[in-house]
Amino acid sequence: MGSQNHHQLHIFFLPFIAPGHMIPMIDIARLFATRPGIKVTIIITTHNSLLFNNSIDRDIISGHQIQLHILKFPSSQVGLPEGIENFNSVTSPDMAPKLYQAISILQQSIEQLLRENHPDCIISDMFYPWTADLAKEIGCPRLVFQGTSFFSLSVMESIRCHKPHDTVSAETETFILPGLPDKIHMTRSQLPDHVRTRNSYSKLMDVIKESELRSYGVIVNSFYELEPSYADHYRNFMGRKAWQIGPVSLCIKREEKVEKHDCLSWLDSMKPNSVLYISFGSLSRFPKAQLAEIASGLEASGHPFIWVVRERGKPSEEEDDQRRWLKEDMTKGMIIRGWAPQVAILEHPAIGGFVTHCGWNSVLESVAAGVPMIAWPLYAEQFYNEKFVTEVMKIGVRVGVQEWNSLMEEGKVPVKKERVKEVVSQLMDGGDEGKEMRKRAKELGEMAKRVVEEGGSSNANYTYDRRRERPGCFNISSKSVMFRLQVGIAWPAA
Ligand code: UDP
């Protein structure tokens, strides 16, 4: 128990069950455990734990105080097959609500565990708003992990407070987001469903927002130099305590497979900046017709590529043919079905561009690797991230999708092969615009590497330095222990 041991702070991490939230949060937990005097416990369910077991075991062998507290997932209670414990493993739409139901069943055991262990700090994903009350009851600070950038958090707040989308009459009419450091235009069609029309998800988001305001502060996987005006806006104008500690993918080595993935060996044979990487995150599955347009567009562009394909249903014969040409001509392209080693791919010198759905982790991993992007947003806050990539950082080309879409509907093909070819050429053909974006992306990549090194801005946010007491550093009293909170944690106490 941390609060009884004056030389150790015990921090509990509660990650959400989707890769885009879970991966960076496990990185953060592992990063915190590298600091002396910190003990970390991650609350996780059985099948999710299998994804991180090896990394955690390696950390333990290195002498870090880190452990997984494994809970049994209530699969039979909610009617889910064994092993479906994460949003990326759902195979039909009716499974998603059952996952939420399972989380609410687990709430009681998590609360009991936290009450018994009396942590010094709870670092909770935003999707567990009830941890705010629990932290208050226990008398420890709660930090919220948001999973996105200060830019997008500021956009969400602008929309929440000013409702600019209510001032337009058509879905495609543009409006400006009030109160932001830059002039950002959006349309109603690019906003999430729950923002356009109130539904049960809007209510959940209200509860999440309210619990954030009652929390000690917010942790963001980003870095100050990437979005200084938005970090300042969030802290000063919106009055929140927040710490940037990213890019976390650069701070901590993720699980490395013993065998090198085929695609990395293939990349070794390719020229620098010549290969396009295409991936739409861990959740999205495209209709076959859209996959066919991408395949034809890529073929027409003539650029080699690695494409992570997640599709709906079984492939038809025609698609099998398509696959064959991809496989036969390995100098042209490579398809990965299943999980790709994304960070290693992006960091490979042969990668020259990333077609991304603009999930925040993907964007930041691309920035960290110095790779410019082709932005193809789909759902969540990805249209906000698209604006950040193309208009604020200016390191990406827009594919030009206009419509927020949580599930790509069968029959809808928003991007045709001609457009795919056009944007790929814009970025990869060596024109001035593409060159300029590549140069800026490389500079940001260098900056990202500096901020996580000693003396860098992100590093300073998770490294306590007695000599560097500054306004971001607070004293918090937790039971009998007085400890300094910098990113919510810092040790030793005076
Ligand atoms: N990812 C990966 N391999 C894949 C697909 C995804 O390593 O085949 C990782 C990716 O590197 C990122 C996360 O999964 O860290 C996806 O998060 P993001 O925010 O980009 O998108 P989401 O999946 O949440 O939509």
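As recorded by an unreviewed UniProt entry, the protein carries the name Glycosyltransferase and is attributed to Macleaya cordata. Here is the UniProt Sequence similarities (unreviewed entry) comment for the protein, exactly as written: "Belongs to the UDP-glycosyltransferase family."

## Some details on the overall build of the protein
Broken down by element type, the protein carries 20 helices and 17 strands. Within the span of the protein, comprising 494 residues, buried residues form 42% of the whole. By sequence separation, contacts in the protein at least 24 residues apart represent 68% of the contacts at least 6 residues apart.

## Focus on the nonpolar core
One finds Phe 13 and Ala 29 to be the most contacted residues of the largest nonpolar core, which totals 116 residues. The biggest single contributor to this core is helix H1 (residues 19-33), with nine residues. Excluding its chain neighbours within four sequence positions, the residues that come into contact with Ala 29 are Phe 13, Val 40, Ile 42 and Ile 66.

## Quick look at the site of the ligand
Around the ligand, 17 residues are found, and the nearest of them are Gly 20, Gly 281, Ser 282, Gly 359 and Ser 362. Counting only elements with at least two residues in the shell around the ligand, the list comes to H1, helix H15 (342-347) and helix H16 (360-369). In terms of residues, the shell around the ligand owes the most to one element, H16, which gives four residues. Taken together, the residues of the shell around the ligand break down into eight nonpolar, eight polar and one charged.

## Here's the deal with the environment of Met 428
Of note, Met 428 is situated in helix H18 (residues 417-428). On a C-alpha basis, the gap between Met 428 and Lys 439 in space is 13 Å, while along the polypeptide they are eleven residues apart. With residues near it in sequence (within four places) discarded, Met 428 still touches Leu 276, His 303, Gly 352, Gly 353 and Gly 434.

## Re H18
Look at H18: 16 Å from first C-alpha to last across twelve residues, which is about the 16 Å you get at 1.5 Å a residue. Among the residues of H18, Val 420, Val 423, Val 424, Leu 427 and Met 428 are the ones counted as buried. For H18, the angular spread of the buried residues around the axis is 115°, confining them to a single face. In this fold, the buried residues of H18 make contact with strand S10 (275-279), helix H13 (288-301), strand S13 (351-356), strand S14 (373-375), strand S15 (396-398) and helix H19 (432-451). Positive backbone phi, approximately 85°, marks Gly 430, located one or two places after H18.

Cut-offs applied
Residues numbered from 1 in each chain as written. Predicted model: local features only at pLDDT ≥ 70, side-chain atom pairs only at ≥ 80, totals over all residues. UniProt positions renumbered as here; feature names shortened; annotations may be inferred. Helix = DSSP H or I, 4+ residues; strand = E, 2+ residues; numbered from the N terminus. Buried ≥ 20, exposed ≤ 12 C-beta atoms within 10 Å, placed from the backbone. Contact = placed C-beta atoms within 7 Å. Core = buried A, V, L, I, M, F, W, Y, C linked by C-beta atoms within 7 Å. Near = placed C-beta within 6 Å. Nonpolar A, V, L, I, M, F, W, Y, C, P; charged D, E, K, R; others polar. Expected span 1.5 Å × (residues − 1). Arc of directions from axis to C-beta.

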